[in-house]
Amino acid sequence: MMRVAVLLLAVLLPICAAAVEPDEMLSDPALEARAREISAELRCMVCQNQSIDDSNADLARDLRLLVRDRLAEGDSDDEVIDYVVSRYGEFVLLKPRFSPHTWLLWGAPALLILLGAIGLWRLAAARRGSDRPLSRDEELRLEKILSETDDH
């Protein structure tokens, strides 16, 4: 059983390594774990729907090295992310921060649900309103139409 577990670990470990090359990895496991966590939050500017941790693009490699260099220099996680954002803009973040520039991005789902609910409520109210009784003028016009069809 132990052999099967070791074999599975050996097979699955490269999958977890993603695109990070061995020469990029830091010798300090704690710093490497922080680098991986930060890299998972940053968008590859070439692939755009992958993190730099998952991308094989040259720019992603450069960003991974930059993250590791900044961590090795003693920067905190937030300082590293702020540095990368200052160079590449907010688009580099896979999960954008909530700010005045991104409030629509974050609020759009709730706004669309609210507008949909209002639309459904108005549609239901309009359907209920169509069952109102006829006015006296409408009754007279209906009687006139019906009497004309009876004559034919």
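If you're wondering where the values come from, they're calculated on a predicted model, not measured in any experiment.

**Student:** What exactly am I supposed to notice about a nonpolar patch on the surface here?
**Tutor:** Taken together, the side chains of Phe98, Trp103, Leu104, Leu105, Trp106, Leu111, Leu112, Leu114, Leu115 and Ile118 define a hydrophobic patch exposed on the protein surface, amounting to about 1,100 Å² of accessible area. On the secondary structure map, Leu105 appears in helix H5 (residues 103-129). Leu105 sits in the exposed class, given a relative accessible area of 52%.

**Student:** Help me understand the side chain of Ser51, please; the structure alone is not making it clear to me.
**Tutor:** Assignment of secondary structure puts Ser51 in the loop between helix H2 (29-41) and helix H3 (58-72). On the basis of relative accessibility, which here comes to 6%, the residue Ser51 falls in the buried class. With residues up to four places along the chain from it excluded, the contact list for Ser51 reads Ser39, Ala40, Leu42, Arg43, Cys44 and Leu94.

**Student:** Is there a simple way to explain the packing of H2 against H3 in this structure?
**Tutor:** The axes of two packed helices give the description: the angle between them and the distance between them. One way to put it is that H2 packs onto H3 with a least axis distance of 10 Å and a crossing angle of 135°. What the angle tells us is that H2 and H3 run oblique. Our pair here, H2 against H3, has a crossing hand that is right-handed. Taken together, the residues of H3 that come into contact with H2 (itself represented by Leu31, Glu32, Arg34, Ala35, Arg36, Ile38 and Ser39) are Arg64, Val67, Arg68, Leu71 and Ala72. In terms of residue class, the contact of H2 with H3 is built from six nonpolar, one polar and five charged.

Calculation rules
Residues numbered from 1 in each chain as written. Predicted model: local features only at pLDDT ≥ 70, side-chain atom pairs only at ≥ 80, totals over all residues. Heavy atoms only, no water. Patch = residues over 30% accessible without salt bridge, like charges linked within 9 Å, V, L, I, M, F, W, Y side chains within 5 Å. Areas by Shrake-Rupley, 256 points an atom, 1.4 Å probe, with all protein chains shown as cover. Salt bridge = Lys/Arg side-chain N within 4 Å of Asp/Glu carboxyl O. Helix = DSSP H or I, 4+ residues; strand = E, 2+ residues; numbered from the N terminus. Buried < 20%, exposed > 50% of the residue type's maximum accessible area, 1.4 Å probe, protein only. Contact = heavy atoms within 4.5 Å. Axes fitted to C-alpha atoms, helices over the stretch in contact; angles between N-to-C directions. Parallel < 35°, antiparallel > 145°, perpendicular 65-115°, else oblique. Left-handed = near helix turned anticlockwise from the far one by under 90°. Nonpolar A, V, L, I, M, F, W, Y, C, P; charged D, E, K, R; others polar.

In short, the description is geometric, and any link to function would need to be established separately.
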